[in-house]
Amino acid sequence: LSLSLARSLFHTHTLSLSLTLSLTHSLSGCTHEDIQSYCAGAPQHDLLPRKEIAPGILMPIASVGHPDTNCSWKGDGPGCAIGQNMTEMWMRLGGRGIDTAADYGSHQAQVGAAVREMVAQKVVTNRSDVFITTKISPDTCSSQAAVAAVRADLAQLGLDYVDLVLQHFPCDTEQENQAMWTGLMQAKALGLTRSIGVSSFSVEQLQGILTLNQAIPAVNQCQMAVGSHDDQTRAFCEQHGITSLLH
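Everything numeric in this text was worked out from a predicted model, so none of it was measured.

A tally of regular secondary structure across the chain gives 8 helices and 10 strands. Taking all 247 residues of the chain together, 51% fall into the buried category. Counted over contacts in the chain with a minimum sequence separation of 6, partners at least 24 positions apart contribute 74%. A total accessible area of about 11400 Å² is found for the chain, and carbon and sulfur atoms account for 52% of it.

This is the structure:
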């Protein structure tokens, strides 16, 4: 249903946006064996169209998040296998977008393990077939801290690069947001990520980034629901070529 909905939104242009979906509720109560059994007969091909969020950067219009499983920051606990196998199930079902973050604890290690396993099993041809989004936390409000945080994300994932890095939340001041953005631009220049963006930024905070007259955010990830949506920020993003990435 989620895949069909995402395709429908894309083709009808109801929303010229990317979506971040979660399988948390649909997997509630599922065991490791349940997921493995379900995946055994799943199609193994990319089902979703992609949207260009930056020159040459094509992002799937839907990405999978993570369930709130019983898995510690150290990567141990009865729920750890669910996170990895859920990500594998998403890829077996044709999903190629994965959304994770430093704040999600051990889930980053599960994502990396899932990607490596799916490449090994030839469910995906290679790492470049998968679009991985990660995030750095708002305590990285300097350029040096931002670069270090991206490197830490890669270490947790066990990957050489990601496709998109977001500042998870705005910093306290415009100066800090600009310093963070400078760090993300440096991370991109170093080849640690293919594109960069922000999350939960208001129009005013986006304007502070744009006044640098350098790279614009590829995306601004924001919450959107029937009863909660910021149409002003979404319109601003569309006007300035920033993709609204919804969760």
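Pairing is possible between side chains that carry opposite charge, provided their charged atoms lie close to one another. By the definition in use, this model includes 3 salt bridges. Across the salt bridge formed by Lys 135 and Asp 99, the nearest N and O atoms sit 2.5 Å from each other. Note that Lys 135 is positioned in strand E6 (residues 131-136) and Asp 99 in strand E5 (residues 97-99), a separation of 36 residues in sequence. We note that Lys 135, like Asp 99, is buried. Note that Arg 127 and Asp 163 form a salt bridge whose closest N and O atoms lie 2.9 Å from each other. Taken together, the positions of Arg 127 in the loop between helix H4 (107-120) and E6 and Asp 163 in the loop between helix H5 (143-157) and strand E7 (164-167) put the pair 36 residues apart, joining distant regions of the chain. Note on accessibility: Arg 127 and Asp 163 belong to one class, buried. A network of salt bridges, in which partner residues are shared, links Arg 127, Asp 163 and Arg 194.

Below, the discussion takes up the environment of Lys 51. Within the fold, Lys 51 resides in strand E2 (residues 50-54). Distance in space between the C-alpha atoms of Lys 51 and Ala 62 is 10.0 Å, their sequence separation being 11 residues.

Moving on: the side chain of Ser 199. For Ser 199, the position within the fold is in strand E8 (residues 196-199). Separated by 3.2 Å, the side chain of Ser 199 and the backbone oxygen of His 168 make a polar contact. Apart from the residues lying within four places of it in its own chain, the contact partners of Ser 199 are Gln 167, His 168, Phe 169, Pro 170, Asn 220 and Gln 221.

Here we take up the pairing of strand E3 (residues 57-60). Sheet analysis places E2 next to E3, joined by 4 bridges and oriented antiparallel. Its bridge partner being in E3, Arg 50 is matched across the sheet by Pro 60. Here E2 folds back onto E3 in antiparallel fashion, the turn holding 2 residues, of which Gly 56 has a positive phi close to 80°.

Residues at a pLDDT of 70 or more form 73% of the chain, whose mean pLDDT is 80. The low-confidence segment residues 1-30, where pLDDT is below 50, has 67 contacts with residues more than four positions distant or belonging to other chains.

The final tally for this structure, using the stated rule, is 1 disulfide. Disulfide pairing is shown between Cys 141 and Cys 171; the S-S distance is 2.0 Å. Disulfide Cys 141-Cys 171: the torsion about the S-S bond is -100°, which places it as left-handed. One end of the pair, Cys 141, is in the loop between E6 and H5; the other, Cys 171, is in the loop between E7 and helix H6 (174-189), and 30 residues separate them in sequence. With a relative accessible area of 6%, Cys 171 lands in the buried category. The cysteine Cys 237 is free of any disulfide, with Cys 222 supplying the nearest cysteine sulfur at 6.3 Å. What makes Cys 237 buried here is its relative accessible area of 1%.

Here the focus is the packing of H5 against H6. For any two helices packed against each other, one specifies the inter-axial angle together with the distance between the axes. In the contact formed by H5 and H6, the axes pass within 7 Å of each other and the chain directions differ by 45°. It follows from the interaxial angle that H5 and H6 lie oblique. In the crossing of H5 with H6, the sense of the turn from one axis to the other is right-handed. For the pair H5 and H6, contact is made by Ser 143, Ala 146, Val 147 and Val 150 and by Ala 179, Met 180, Thr 182, Gly 183, Leu 184, Gln 186 and Ala 187, respectively. Its residues assigned to classes, the contact of H5 with H6 comprises 7 nonpolar, 4 polar and no charged.

Analysis parameters
Residues numbered from 1 in each chain as written. Predicted model: local features only at pLDDT ≥ 70, side-chain atom pairs only at ≥ 80, totals over all residues. Heavy atoms only, no water. Helix = DSSP H or I, 4+ residues; strand = E, 2+ residues; numbered from the N terminus. Buried < 20%, exposed > 50% of the residue type's maximum accessible area, 1.4 Å probe, protein only. Contact = heavy atoms within 4.5 Å. Areas by Shrake-Rupley, 256 points an atom, 1.4 Å probe, with all protein chains shown as cover. Salt bridge = Lys/Arg side-chain N within 4 Å of Asp/Glu carboxyl O. Polar contact = N/O pair within 3.5 Å; in protein donor to acceptor, adjacent residues only side chain to side chain. Pairing = 2+ DSSP bridges. pLDDT = per-residue confidence, 0-100. Disulfide = S-S within 2.5 Å. Axes fitted to C-alpha atoms, helices over the stretch in contact; angles between N-to-C directions. Parallel < 35°, antiparallel > 145°, perpendicular 65-115°, else oblique. Left-handed = near helix turned anticlockwise from the far one by under 90°. Nonpolar A, V, L, I, M, F, W, Y, C, P; charged D, E, K, R; others polar.

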